[in-house]
Amino acid sequence: MNSIFRTMLFVGIVSTALVSCDKEDEGDELHIGFKSTVGYTFQDGTAASGATVTIGIEAETEKAKDPIIRFNISESVNGGAAATVYTEDLEATDYEYDYAFAMDSVSGNTHAYTFTITNRDGLNKQASLTLTVE
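The structure reproduced in this document is the subject of the present report. In this text, all values refer to a predicted model and were calculated from it rather than measured experimentally.

Conventions used here
- Within any chain, residue numbers begin from 1 and follow the written order of that chain's sequence.
- Per-residue local features of the predicted model are confined to residues with pLDDT of at least 70, and side-chain atom pairs are confined, for both listing and counting, to 80 or more; whole-chain, interface and lining totals are unaffected and use all residues.
- Hydrogens and water are ignored here; the side-chain numbers use all heavy atoms of the structure.
- DSSP-based pairing: two strands are paired if at least 2 bridges between them are found.
- Only DSSP runs of H or I with at least four residues qualify as helices, and only runs of E with at least two residues qualify as strands; both kinds are numbered from the N terminus onward.
- Each axis is a line fitted through C-alpha atoms, and for a helix only the stretch in contact is used; angles between axes span 0 to 180 degrees, taken between their N-to-C directions.
- Accessibility here uses a 1.4 Å probe with only protein chains present; expressed as a share of the type maximum, an area under 20% marks a residue as buried, one over 50% as exposed, and anything in between as partly exposed.
- Only buried residues count toward a nonpolar core. Its members are Ala, Val, Leu, Ile, Met, Phe, Trp, Tyr and Cys residues joined through side-chain atoms within 4.5 Å.
- Contacts are residue-level and defined by heavy atoms, with any inter-residue pair within 4.5 Å sufficient.
- Put simply, a salt bridge is a Lys or Arg side-chain nitrogen that is within 4 Å of an Asp or Glu carboxyl oxygen.

## Details of the sheet that holds strand S3 (residues 52–61)
In step 1: The strand order S1-S3-S6 describes an open sheet built from three strands, whose pairing is antiparallel. A single partner strand is all that each edge strand has here, and the edge strands are strand S1 (30–34) and strand S6 (94–102). The average angle at which neighbouring strand axes cross in this sheet is 15 degrees, direction not considered.

## A closer look at the sheet that holds strand S8 (residues 124–133)
In step 1: Spatially, the five strands line up as an open sheet ordered S2-S8-S7-S4-S5, and their pairing is mixed. Across the chains shown, the open sheet's two edge strands, defined by having one partner strand only, are strand S2 (45–47) and strand S5 (83–92). Neighbour-to-neighbour, the strand axes of the sheet open up by a mean angle of 25 degrees, direction not taken into account.
In step 2: Two elements, strand S7 (residues 110–119) and S8, share nine bridges in a ladder whose sense is antiparallel. Its bridge partner lying in S8, Ala-112 is registered against Thr-130.

## Section: unusual backbone geometry
In step 1: Positive phi outside glycine occurs at Asn-78, with the angle close to 55 degrees.
In step 2: With respect to the helices and strands, Asn-78 occurs in the loop between strand S4 (68–77) and S5.
In step 3: Take Asn-78: its relative accessible area is 48%, and that puts it in the partly exposed class.

## Description of the nonpolar core
In step 1: The biggest cluster of nonpolar side chains holds 25 residues, and the ones touching the most others in it are Ile-55, Phe-71, Phe-101, Tyr-113 and Phe-115.
In step 2: Secondary-structure elements contributing two or more residues to this core are S1, S3, S4, S5, S6, S7 and S8.
In step 3: Sequence-distant contacts of Phe-115, defined by excluding residues within four places in its chain, comprise Ile-32, Phe-34, Ile-55, Ile-57, Phe-71, Asn-72, Ile-73, Tyr-99, Lys-125, Gln-126 and Ala-127.

## Concerning the environment of Ala-64
In step 1: Mapping Ala-64 onto the fold places it in the loop between S3 and S4.
In step 2: For Ala-64, a relative accessible area of 61% puts it in the exposed group.
In step 3: In this structure the C-alpha to C-alpha distance between Ala-64 and Thr-93, which are 29 residues apart in sequence, comes to 6.0 Å.

## Considering the pattern of salt bridges
In step 1: What the rule picks out here adds up to five salt bridges.
In step 2: Lys-63 serves as the salt-bridge partner of Glu-29, at 3.4 Å between the closest nitrogen and oxygen. You can see Glu-29 sitting in the loop between helix H1 (2–26) and S1 and its partner Lys-63 sitting in the loop between S3 and S4, a full 34 residues away along the chain.
In step 3: Arg-120 is the partner of Glu-91 in a salt bridge, and the nearest nitrogen-oxygen pair spans 2.7 Å. Here Glu-91 is found in strand S5, whereas its partner Arg-120 is found in the loop between S7 and S8, with 29 residues between them in sequence.
In step 4: Through salt bridges with shared partners, one network takes in Lys-35, Glu-96 and Asp-98.

Right under this line is the structure:
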């Protein structure tokens, strides 16, 4: 009876350690960032009234069995509630998207953009930037 208890205790400890390791690794499996080549906006800043702005996104997952299944862009104006401006269902390990739009014409307006990817396990990763109208 004593050896059964020790075996069950050992299995429980090993199982707990394995589950803990998996959860630590999951946070690093998704990657999202801005394209930073000429022509793309990739950091907080200002934009001229009515200017065309292009924000490029590059995203990937390290686990093919947990692909990216959703991409979402939300916008908040002047600190207000965020509203979805684009969403796409997909199933990919690598994803790129270029979001192009015309900046509004109200000087001083602040637009916060949040780009979110979600994988099959429900994990999210985000990248954000804020633009102010000149």
